[in-house]
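Residue-level structure breakdown
Given next are the chains, with one letter for each unit.
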Amino acid sequence: MTPEESTSPKDANEEISSLIEALHNTEKRLEELTAGEIDTVADSDGRTLLLRRAQEELRHSEAEKQAAILNALPAHVALLDSQGFIVSVNRSWRQFADANALAETGSGIGLSYLETCDVAGGARSAEARPVADGIRSVLHGTAKSFSLEYPCHSPTQKRWFLLLVVPLARDPLIGAVVMHVDVTAERQAEEGLRASELRFRQIAENIHDVFFLQNLDGSQIYYVSPAYEKIWGRTCDSLY
């Protein structure tokens, strides 16, 4: 390439500016000619052009759809950028923030989720460090997802949440979705079941009669009380 054929950076910038201005004027004129009622135009060769107004409306429509989907989820959802800053939250997240005196922080939008975890102290610090590490692993692409169940008790009630972190997009990786799912009902049900099993064993193991559980046809013994060994002179294991 000769010096005459090359284009200097200044000339290239001027040409780019001219082209942008020409495109802007062309699109403005097209909207005037179509009275703003046409979204797409095509030339004689069938090449189409989506007008800027239509592009903006399309982006706005997609944003509304995404917001509606996020707001419909019962989980508390936050979208993080690639650096871990909160860029958006759903309605459930904002409602939880309002109920827990976090509204003054703007529900966390604009704050670094990672920094919040890094500086957490007190009882929450035990979960905060692995959460920060898990989010970083997803943001760096070294993990496909991360999850952690943790307690979040208030002065008036016990609560448990399941934290889920997944990539917002993988190619390229532009951020992450953080969800806090309320699993209090499941945890309370599990604790209730364990308490019932404990009470059953305390009763069964302290009565002097033989107490057992079996299936309907009697082919399988699930449980037999310790009194079986005293009355029958055989071990419980032999019966199983």
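Residues numbered from 1 in each chain as written. Predicted model: local features only at pLDDT ≥ 70, side-chain atom pairs only at ≥ 80, totals over all residues. Heavy atoms only, no water.

Overview of the overall build of the chain
On a plain count of helices and strands, the chain comes out with eight helices and nine strands. By the burial criterion, 25% of the 240 residues in the chain qualify as buried. For the chain, long-range pairs separated by at least 24 residues make up 30% of all intrachain contacts whose partners lie at least 6 apart in sequence. In the structure as shown, the chain presents an accessible area of about 16600 Å², 55% of it carried by carbon and sulfur atoms. (Helix = DSSP H or I, 4+ residues; strand = E, 2+ residues; numbered from the N terminus. Buried < 20%, exposed > 50% of the residue type's maximum accessible area, 1.4 Å probe, protein only. Contact = heavy atoms within 4.5 Å. Areas by Shrake-Rupley, 256 points an atom, 1.4 Å probe, with all protein chains shown as cover.)

Topic: the nonpolar core
Counting 22 residues, the largest nonpolar core has Ile-86, Tyr-113, Ile-135, Leu-163, Val-165 and Val-178 as the members making the most contacts within it. At six residues, the largest contribution of residues to this core is made by helix α5 (residues 125-139). Leave out the neighbours within four places in its chain, and Ile-86 touches Ala-78, Leu-79, Leu-80, Trp-93, Gly-108, Ile-109, Gly-110, Leu-111 and Tyr-113. Counting residues in each nonpolar core, the second largest holds six residues, with Leu-70, Ala-75, Val-77 and Leu-79 among its members. (Core = buried A, V, L, I, M, F, W, Y, C linked by side-chain atoms within 4.5 Å.)

Structural notes on the sheet that holds strand β4 (residues 86-89)
What the five strands build is an open sheet, ordered β4-β3-β7-β6-β5; its pairing is antiparallel. In this open sheet, the two strands that pair with only one neighbour each are β4 and β5 (146-151). Along the sheet, successive strands turn relative to each other by an average axial angle of 20°, direction set aside. By the bridge criterion, six bridges tie β5 to strand β6 (residues 160-167) in an arrangement that is antiparallel. Among the inter-strand pairings, Pro-151 is bridged to a residue of β6, identified as Trp-160. (Pairing = 2+ DSSP bridges. Axes fitted to C-alpha atoms, helices over the stretch in contact; angles between N-to-C directions.)

Description of α5
Here α5 spans 21 Å end to end across 15 residues, near enough to the 21 Å set by a 1.5 Å rise per residue. Taken together, the buried positions of α5 are Ala-128, Val-131, Ala-132, Gly-134, Ile-135, Ser-137, Val-138 and Leu-139. In the stretch just after α5, Gly-141 is the one whose phi turns positive, near 80°. (Expected span 1.5 Å × (residues − 1).)

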